[in-house]
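What follows is each chain in one-letter form.
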Amino acid sequence: AFLARHDGAIIGLLDVIDGYPSCGIAFIGLLAVREDVHGKGLGRALFLAAEQLARERLKARTLRPGCRPAHPACCRRVQPGYRLLGEDGLLADRGS
């Protein structure tokens, strides 16, 4: 899990589960940013940190958000260079 803090208070978090639901996939189970810091790039920074962990340490080729593409929040998680893969919400790795 990644935590973002400001003045000792947690203002954002993101958790990653390796190998769920199968090998080579990093599952993003939760991405949350405190409402008063929305729009400042914190969610993106957390996502990029998770991406680096998934690529370099977990050797994952696919990121999977914990939501479905039909949910509007899922679309906000799609970073440049990724694409949604079907109804399960998988995000293809930039390198694939």
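A quick note: this is a predicted structure, and the numbers were derived from the prediction, not measured.

Trainee: Help me out: how do you make sense of the confidence of the model for the chain in this one?
Mentor: Should pLDDT be low for a region, the predicted coordinates there are not to be read in detail. Of all residues in the chain, 69% attain a pLDDT of 70 or more, and the chain-wide mean is 80. Element-level pLDDT for the chain is lowest in helix α2 (residues 72-77), with a mean of 53, against a maximum mean of 94 in strand β2 (residues 9-18).

Trainee: So what exactly am I meant to see when it comes to the packing of aromatic side chains here?
Mentor: One pair of aromatic rings is described through two measures. These are the centre distance and the angle between the planes. With the rule as written, the count across this model stands at one aromatic pair. Here the aromatic rings of Tyr20 and Phe27 are separated by 5.0 Å at their centres, their planes lie at 85°, and the arrangement is edge-to-face.

Trainee: Can you walk me through the nonpolar core in this structure?
Mentor: Ranked by size, the top nonpolar core spans 14 residues in total, and within it Leu14, Ala26, Leu42 and Leu63 carry the most contacts. Those elements that provide at least two residues to this core are β2, β3 (25-33) and α1 (42-56). In terms of residues, this core owes the most to one element, α1, which gives five residues.

Trainee: Honestly, the pattern of salt bridges in this entry has me stumped. Any pointers?
Mentor: Note that side chains of opposite charge can pair when their charged atoms are close. For the structure on display, the rule yields two salt bridges. Where Asp36 meets Arg34, a salt bridge forms, and the shortest distance between an N and an O atom there is 2.6 Å.

Trainee: Looking at this structure, how should I read the pairing of strand β4 (residues 62-65)?
Mentor: When a strand is regular, its side chains alternate between the sheet's two faces. Along β4, one buried face is formed by Thr62 and Arg64 and the opposite face, lined by Leu63 and Pro65, is buried too. One ladder, built from four bridges, connects β3 with β4; its direction is parallel. Residue pairing in the sheet places Ile28 in a bridge with Pro65 of β4. Taken together, β3, α1 and β4 constitute a β-α-β crossover, and its handedness is right-handed.

Trainee: How should I be thinking about α1 in this particular structure?
Mentor: Think of an α-helix as 3.6 residues a turn; residues three or four steps apart then line up on the same face. With 15 residues, α1 should reach 21 Å at 1.5 Å per residue; the first-to-last C-alpha distance of 21 Å fits that figure. For α1, every residue scored as buried is listed here: Leu42, Leu46, Phe47, Ala50, Glu51 and Ala54.

Trainee: Honestly, the environment of Ala60 in this entry has me stumped. Any pointers?
Mentor: When you line up the elements, Ala60 lands in the loop between α1 and β4. C-alpha of Ala60 to C-alpha of Ile25: the two residues are 35 residues apart in sequence and 5.2 Å apart in space.

Rules of the game
- Residues numbered from 1 in each chain as written.
- Predicted model: local features only at pLDDT ≥ 70, side-chain atom pairs only at ≥ 80, totals over all residues.
- Heavy atoms only, no water.
- pLDDT = per-residue confidence, 0-100.
- Helix = DSSP H or I, 4+ residues; strand = E, 2+ residues; numbered from the N terminus.
- Phe/Tyr/Trp six-rings, centres within 6.5 Å; stacked < 30°, edge-to-face > 60°.
- Core = buried A, V, L, I, M, F, W, Y, C linked by side-chain atoms within 4.5 Å.
- Buried < 20%, exposed > 50% of the residue type's maximum accessible area, 1.4 Å probe, protein only.
- Salt bridge = Lys/Arg side-chain N within 4 Å of Asp/Glu carboxyl O.
- Pairing = 2+ DSSP bridges.
- Right-handed = clockwise from strand over helix to strand, strands pointing away.
- Expected span 1.5 Å × (residues − 1).

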